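So the chains spell out like this:
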Amino acid sequence: MYDGKHLKGATGTAGEIGHIIVDSGGRLCGCGGHGCLEAYASRSAIEKKILGSMKKGHKSIIAESIKDSGVIRSSDLADALDAGDEIVLNAITEASEYLSSGLASVINFYNPELIILGGGLMEAIDFFYDLTVKKTFAKALAVPAEKTKIVKTQLKDFSGIIGAAMLHQG
Ligand SMILES: [Zn+2]
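Bear in mind that the values here come from a model prediction, so they are computed numbers and not experimental data.

> Any chance you could break down the overall build of the chain for me, citing the residues and the numbers?
When you go through the chain residue by residue, the secondary structure sums to 8 helices and 3 strands. Along the chain, from the amino end to the carboxyl end, the secondary structure elements read α-α-α-α-α-β-α-α-α-β-β. Across the 170 residues that make up the chain, the buried fraction comes to 31%. For the chain, long-range pairs separated by at least 24 residues make up 66% of all intrachain contacts whose partners lie at least 6 apart in sequence.

Put into structure tokens, the structure is as follows:
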């Protein structure tokens, strides 16, 4: 928070935006709570949404990737989007909707100078990053948002959930 350091909070968990509640009484989260951002905008949430749609009989070219490698890679999702796959488009758009709500809340409340978005999905899928940034600024209050920059990491070492760090530069 000061001198470019991360905000730590009383228990060292401040800055963990994964458990911002974006849907009161919503989906069960790994933390035991309901409606946390992580239950909507994480990689596993996106995969669950895609697999759920396919189970209901909707066709997705992701089925081929799963057949070939047994997993859904970020690059598979990027390829599916490029091919105009609607199931993947819907899942990514929904995740972006929730993620941008969480980020807009962070901007309104905390007014950070910099938000860094990371994670394999964020890095592999420009559409996800671009849409999320656009939606975030559309939702955030204009005055704090004017001072906030959102950038993408190139670190490749975030696992699982979409990483986000908020910094105040001293
Ligand atoms: Zn949670």
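> Could you give an account of the packing of helix α4 (residues 74-82) against helix α5 (residues 86-110), naming the residues involved and the relevant values?
Taken N-terminus to C-terminus, the directions of α4 and α5 make an angle of 115 degrees; their axes are 8 Å apart at the nearest point. Classed by the angle they form, the pair α4 and α5 counts as roughly perpendicular. Pair α4 / α5 crosses with left-handed handedness. Contacts between α4 and α5 pair Leu 77, Ala 80 and Leu 81 from the former with Val 88, Leu 89 and Ile 92 from the latter. The class makeup of the residues in the contact of α4 with α5 is 6 nonpolar, no polar and no charged.

> Lay out the nonpolar core with the relevant residues and their values.
Note on soluble globular proteins: their nonpolar side chains tend to be buried together. Judged by nonpolar contacts, the single largest core of 32 residues is most densely connected at Leu 37, Tyr 40, Val 88 and Ala 95. When contributions to this core are tallied by element, the ones reaching two or more residues are α1 (38-41), α2 (43-55), α4, α5, β1 (114-118) and α6 (120-124). Those residues within four positions of Val 88 in sequence are excluded, and the remaining contacts are Ile 50, Ser 60, Ile 62, Leu 77, Ala 80 and Leu 81.

> I'd like a description of the environment of Lys 149, backed by residues and values.
Structurally, the position occupied by Lys 149 is in strand β2 (residues 149-152). On the neighbour-count criterion, Lys 149 (12 C-beta atoms within 10 Å) is exposed. For the pair Lys 149 and Glu 113, spaced 36 residues apart in sequence, the C-alpha separation works out to 6.0 Å. Ignoring sequence-local partners within four residues, the contact set of Lys 149 consists of Glu 113 and Leu 114.

> Can you explain α2? Please cite residues and give values.
Helix length check: α2, at 13 residues, gives a terminal C-alpha distance of 18 Å against a target of 18 Å (1.5 Å per residue), a fit within 8%. Of the surrounding elements, those touching the buried residues of α2 are α1, α3 (62-69), α5 and α6. Of the residues one or two after α2, Gly 57 is the one with positive phi, at around 100 degrees.

> How would you sum up the confidence of the model for the chain? Please name residues and give values.
Mean pLDDT for the chain: 84, with 81% of residues reaching 70 or above. Within the model, the stretch residues 1-5 combines pLDDT values under 50 with 9 contacts to residues more than four positions away or in other chains.

> Explain the environment of His 34 residue by residue, including any values.
Checked against the element boundaries, His 34 lands in the segment before α1. Classification of His 34 by C-beta neighbours within 10 Å gives partly exposed; the count is 14. Considering only alpha carbons, one finds His 34 and His 19, 15 residues apart in sequence, at a separation of 9.2 Å. Aside from chain neighbours lying at most four places away, what touches His 34 is Gly 25, Gly 26, Arg 27, Leu 28 and Cys 29.

> Outline α4, listing residues and values.
Along α4, the residues classified as buried are Asp 76, Leu 77 and Ala 80. Buried positions in α4, seen along its axis, are confined to an arc of 100 degrees and lie on one side of it. Pointing more than 90 degrees away from the buried face of α4 are the exposed residues Ser 75 and Asp 82. Of the surrounding elements, those touching the buried residues of α4 are α3, α5 and α6. Looking at the residues trailing α4, positive phi occurs at Gly 84, about 80 degrees.

Conventions and cut-offs
Residues numbered from 1 in each chain as written. Predicted model: local features only at pLDDT ≥ 70, side-chain atom pairs only at ≥ 80, totals over all residues. Helix = DSSP H or I, 4+ residues; strand = E, 2+ residues; numbered from the N terminus. Buried ≥ 20, exposed ≤ 12 C-beta atoms within 10 Å, placed from the backbone. Contact = placed C-beta atoms within 7 Å. Axes fitted to C-alpha atoms, helices over the stretch in contact; angles between N-to-C directions. Parallel < 35°, antiparallel > 145°, perpendicular 65-115°, else oblique. Left-handed = near helix turned anticlockwise from the far one by under 90°. Nonpolar A, V, L, I, M, F, W, Y, C, P; charged D, E, K, R; others polar. Core = buried A, V, L, I, M, F, W, Y, C linked by C-beta atoms within 7 Å. Expected span 1.5 Å × (residues − 1). pLDDT = per-residue confidence, 0-100. Arc of directions from axis to C-beta.

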